[in-house]
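# Architecture and fold: a report
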Amino acid sequence: MLGGLYAIFAAGLSLIFGVMKIVSLSYGAFAVLAAFLALHFTQATGWPPVLALLVVVPVMAAFGWALQRFVLQRTLGTSALPSILVTFGIAIIIENVLLITESADQKRMSLGWIDTAALDLGLIRLGVYPLGLFVLSLVLLGILAWVMAKTQFGRAVRAISEDAPTVELLGIRPKMIYAWAGAIALALAAIGGVASGIQTSFSPTSGGMLLIFAFEAVIIGGIGSLWGTFLGALVLGVAQTVGANYFPSQGILIGHIVFLIFLAFMPQGLSGKVKRS
Amino acid sequence: MTMTRPELSPVKVTRWTRTSKFGTPGVLLVFVIMFALPFMTALSNIRPVTDLLVFIILGSMWNLMAGYGGMESVGQQAYIGLGAYGLVVLADQVGVNIFLAVPLAGLIAGVIAFLISFLAFRLTGGYFAIGTWVIAEVVKLIITQFPSLGLGSGISLYAMSAFERDLRIAVSYWIALGVTLVALLICVLLVRSGFGLGLTAVRDDPTAAATSGVDVSRAKRLVFVISGIGTGMAGAIIAISTLTVQPDSLFSVQWSVLMIFMVVIGGVGTLEGPIIGAIIFWGLREALADYGSLYLILLGIIAIAFALFFRGGVWGLIQRRRRFSVFPTGYATSFGRST
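Residues numbered from 1 in each chain as written. Chains lettered and ligands numbered in written order. Predicted model: local features only at pLDDT ≥ 70, side-chain atom pairs only at ≥ 80, totals over all residues.

## Topic: the overall build of chain A
- Summing up its helical and strand segments, chain A has 10 helices and 2 strands in all.
- Secondary structure elements of chain A, listed N to C terminal, follow the sequence α-α-α-α-β-β-α-α-α-α-α-α.
- For chain A, the residues scored as buried account for 53% of the 277 residues in total. (Helix = DSSP H or I, 4+ residues; strand = E, 2+ residues; numbered from the N terminus. Buried ≥ 20, exposed ≤ 12 C-beta atoms within 10 Å, placed from the backbone.)

Below, the structure is given as structure tokens:
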């Protein structure tokens with residue numbers, strides 16, 4: 001049931017990677033930043049973390065907008081190195097700022113009774129919270145997929161990633177569209193970060209792992225397909241959970257290995273949308 | 001090298017520029033002086049210089065792969081770890097001479113890099129970057145499965161206890177110096193060769209390079225493996241100079257951060273850039289070591305500034321005013337009999 005969590009988180013990365021074709025190495029760090037913001041918000045106000053989302057998500061979205069508009073837009077070009085470098089630099093800055101202000105301790109947020117509540121379905125017991133995440137991830141991905149496929153905005157984003165100068169000729173401003181897409185991506189990162197902060201503990205340095213899991217979900221699912229990402233996240237979640245059942249404390253390794261198997265034998269991913277050599 | 005055609009006046013190709021005629025012997029002279037360094041200064045000053053040399057090796061190797069081969073890996077820490085573990089296993093558990101164990105450890109890392117390349121090369125650009133990171137995590141998780149390798153807590157190196165403390169520091173310094181010399185030499189020769197030309201073509205446009213007869217994947221694989229060997233030897237040197245291998249620090253993505261920042265600040269795709277970058281990085285570290293995280297934040301800001309505003313790095317800024325090169329890798333053609 002980890003899949004739901006990864007799906008929310010990977011959706012934003014799938015948007016950045018697959019649709020916008022930008023490499024972001026700071027995605028995990030932003031999720032962790034969002035988790036810390038939510039943590040402080042709940043501590044300051046006493047509200048549950050879910051309400052903190054109402055504040056954290058717009059803040060992160062605004063941040064994503066500004067970042068895409070004023071910084072990342074400059075790095076787009078034929079070479080991937082500038083965007084790798086800038087986003088990596090941002091990740092390092094966020095991580096170390098958090099290390100200074102928050103210490104390296106593991107933190108966790110709580111939803112109270114929902115944390116441990118479970119539905120008894122006879123054969124299996126399903127946690128209420130993971131189940132909620134699963135539904136939430138379906139809803140979020142559904143909305144995102146609909147926006148990308150059906151709306152003017154979604155069409156514009158997809159067109160820009162194919163051929164920005166032509167889109168500009170048609171009277172659309174690629175930079176603004178991409179800035180909004182960047183805002184959506186970081187909003188999803190924020191939801192994913194807060195959700196993961198409730199599910200498991202987090203620390204300033206856990207961004208790298210979050211990024212890796214999301215990336216694995218995107219690749220397993222197939223680059224460029226949002227529903228593929230959802231499937232990929234489920235596969236990764238199942239692999240980690242089942243793996244941990246058979247080899248205690250090796251769940252993550254099993255997840256990685258499943259990812260590598262997909263890379264070796266099914267490099268186009270589950271959706272098979274993009275062919276790569 | 002002179003090529004002549006019957007009708008045309010002879011074309012003369014010069015590889016050595018006025019600056020590289022002085023630059024290359026200058027670098028060699030620096031190496032000679034550095035060889036004698038342990039006799040001239042207190043040994044407490046030698047350890048930091050060993051670190052600088054490791055930085056130069058790492059930077060040059062990453063640059064060879066990314067700057068010339070166009071492969072921006074974020075997973076080079078895999079080979080640092082493999083080299084370090086390889087050295088400890090070879091020197092302590094197999095009993096290989098320490099001087100022989102360094103190149104062998106590099107070779108182990110190279111063999112693994114060769115195997116990894118088949119997986120990693122399925123990805124390109126940014127996907128390649130994160131893919132190599134995942135692979136590095138897998139290498140770490142697998143190595144920490146073995147009780148003989150100390151599981152998650154690492155192992156100590158005992159082979160160096162054959163030397164007394166002063167000599168030990170000097171020996172690890174000399175090994176680092178030797179590897180740096182060889183690494184730089186290989187970089188220069190590789191970039192200077194026809195292969196290096198093909199490689200640069202692959203970086204700039206793989207399709208066009210393939211059309212012109214460059215075997216793209218073979219060229220990329222070769223640099224990837226060479227880079228793995230060099231990085232592995234750097235890892236072996238780290239093990240020798242710290243006397244311990246610790247998986248969490250050796251396989252830390254911070255190493256890749258270090259390599260990328262060094263190369264980009266110095267100047268990507270030039271041979272001089274990584275050396276300058278390593279010196280800047282090392283100087284910053286020595287000056288700001290007490291500030292810990294703050295230093296990494298500062299470094300991140302500098303690297304972003306360079307990526308946004310000075311793509312060529314420090315070396316690019318120097319070259320903007322005047323063509324200047326330390327190593328004879330360029331081409332200059334002139335017609336007629338002059339020059």
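## What to know about the overall build of chain B
- Across its full length, chain B carries 15 helices and 5 strands.
- In chain B, which comprises 339 residues, the share counted as buried stands at 48%.
- Counting only contacts in chain B whose residues sit at least 6 apart along the sequence, the fraction spanning at least 24 positions is 78%. (Contact = placed C-beta atoms within 7 Å.)

## Quick notes on helix 6 (residues 152-169) of chain A
All names here are of chain A.
- Here helix 6 is 18 residues long, yet its end C-alpha atoms lie only 16 Å apart, well below the 26 Å a rise of 1.5 Å per residue gives.
- The largest bend along helix 6 reaches roughly 125 degrees and is located at Asp163, with the proline Pro165 sitting one to four residues downstream.
- Ala156, Val157, Ile160 and Val167 are the residues of helix 6 that are buried.
- After helix 6 finishes, the residue Gly171 shows a positive phi value of roughly 90 degrees. (Expected span 1.5 Å × (residues − 1). Bend = angle between axes of the 7 residues up to and from the residue.)

## Describing the interface of chain B and chain A
- At the junction of the two partners, chain B supplies 28 residues and chain A supplies 30 residues.
- Where the side of chain B that touches chain A is concerned, the elements lending two or more residues are helix 6 (125-143), helix 12 (254-266) and helix 14 (293-309) of chain B.
- Its residues placed into classes, the side of chain B that touches chain A shows 20 nonpolar, 4 polar and 4 charged. (Nonpolar A, V, L, I, M, F, W, Y, C, P; charged D, E, K, R; others polar.)

## Section: helix 8 (residues 207-221) of chain A
All names here are of chain A.
- With 15 residues, helix 8 should reach 21 Å at 1.5 Å per residue; the first-to-last C-alpha distance of 21 Å fits that figure.
- Of all the 15 residues making up helix 8, 14 are buried; the element is thus mostly covered by neighbouring parts of the structure.
- The positive-phi residue at the C-terminal boundary of helix 8 is Gly222, with phi of around 105 degrees.

## Regarding the confidence of the model for chain B
- Mean pLDDT over chain B: 81, with 89% of residues reaching 70 or higher.
- If you check the scores for this complex, the pTM reads 0.83 and the ipTM reads 0.81. (pLDDT = per-residue confidence, 0-100.)

## Some words on unusual backbone geometry
All names here are of chain B.
- Residue Leu243 is not a glycine yet carries a positive backbone phi of 65 degrees.
- In this structure, Leu243 sits in the loop between helix 10 (216-242) and strand 4 (244-245).
- According to the C-beta neighbour criterion, Leu243 is partly exposed, with 15 such atoms within 10 Å.

## Quick word on the nonpolar core
- One finds Ala34, Ala190 and Ala214 of chain A together with Leu87 and Ile237 of chain B to be the most contacted residues of the largest nonpolar core, which totals 210 residues.
- Looking at this core, the element that brings in the most residues is helix 7 (residues 174-199) of chain A, giving 15 residues. (Core = buried A, V, L, I, M, F, W, Y, C linked by C-beta atoms within 7 Å.)

## Re the environment of Gly126 of chain B
- Within the secondary structure layout, Gly126 of chain B lies in helix 6.
- Of the residues examined, Gly126 of chain B has 23 C-beta atoms within 10 Å and is grouped as buried.
- Distance from Gly126 of chain B to Met71 of chain B, taken between C-alpha atoms, is 9.2 Å for residues 55 residues apart in sequence.
- Dropping the residues within four chain positions of it, Gly126 of chain B is found in contact with Val23, Ala80 and Ile84 of chain A.

## Some points on the environment of Val242 of chain A
Residue and element names in this part refer to chain A.
- Looking at where Val242 falls in the secondary structure, it is placed in helix 9 (residues 226-246).
- Overall, Val242 belongs to the partly exposed group, with 14 C-beta atoms counted inside 10 Å.
- Sequence separation between Val242 and Pro267 is 25 residues; the distance between their C-alpha atoms is 23 Å.

## Comments concerning the packing of helix 4 (residues 81-102) of chain A against helix 12 of chain B
- Contact pair helix 4 of chain A / helix 12 of chain B: the axes reach a minimum separation of 11 Å and the direction vectors enclose 125 degrees. For the element pair helix 4 of chain A / helix 12 of chain B, the angle class is oblique. In terms of crossing hand, the pair formed by helix 4 of chain A and helix 12 of chain B is left-handed. Across the interface between the two elements, Leu85, Phe88 and Ile92 of chain A of helix 4 of chain A pack against Val257, Ile260 and Val264 of chain B of helix 12 of chain B.
- Here the residues of the contact of helix 4 of chain A with helix 12 of chain B are counted per class, giving 6 nonpolar, no polar and no charged. (Axes fitted to C-alpha atoms, helices over the stretch in contact; angles between N-to-C directions. Parallel < 35°, antiparallel > 145°, perpendicular 65-115°, else oblique. Left-handed = near helix turned anticlockwise from the far one by under 90°.)

## What to know about the packing of helix 12 of chain B against helix 13 (residues 272-288) of chain B
All names here are of chain B.
- Packing of helix 12 against helix 13 brings their axes to within 7 Å, and their N-to-C directions diverge by 115 degrees. On the basis of the axis angle, helix 12 is roughly perpendicular to helix 13. Between helix 12 and helix 13 lies a crossing whose hand is right-handed. Between helix 12 and helix 13, the residues in contact are Leu258, Phe261, Met262, Val263, Ile265 and Gly266 and Gly273, Pro274, Ile275, Ile276, Gly277, Ala278, Ile280 and Phe281, respectively.
- Partitioning the contact of helix 12 with helix 13 into residue classes produces 11 nonpolar, 3 polar and no charged.

## Examining the environment of Gln254 of chain B
Residues and elements named next belong to chain B.
- In this fold, Gln254 is placed in helix 12.
- Residue Gln254 is classed as partly exposed on the basis of its 13 C-beta neighbours within 10 Å.
- C-alpha separation for the pair Gln254 and Gln77, spaced 177 residues apart in sequence, amounts to 8.2 Å.

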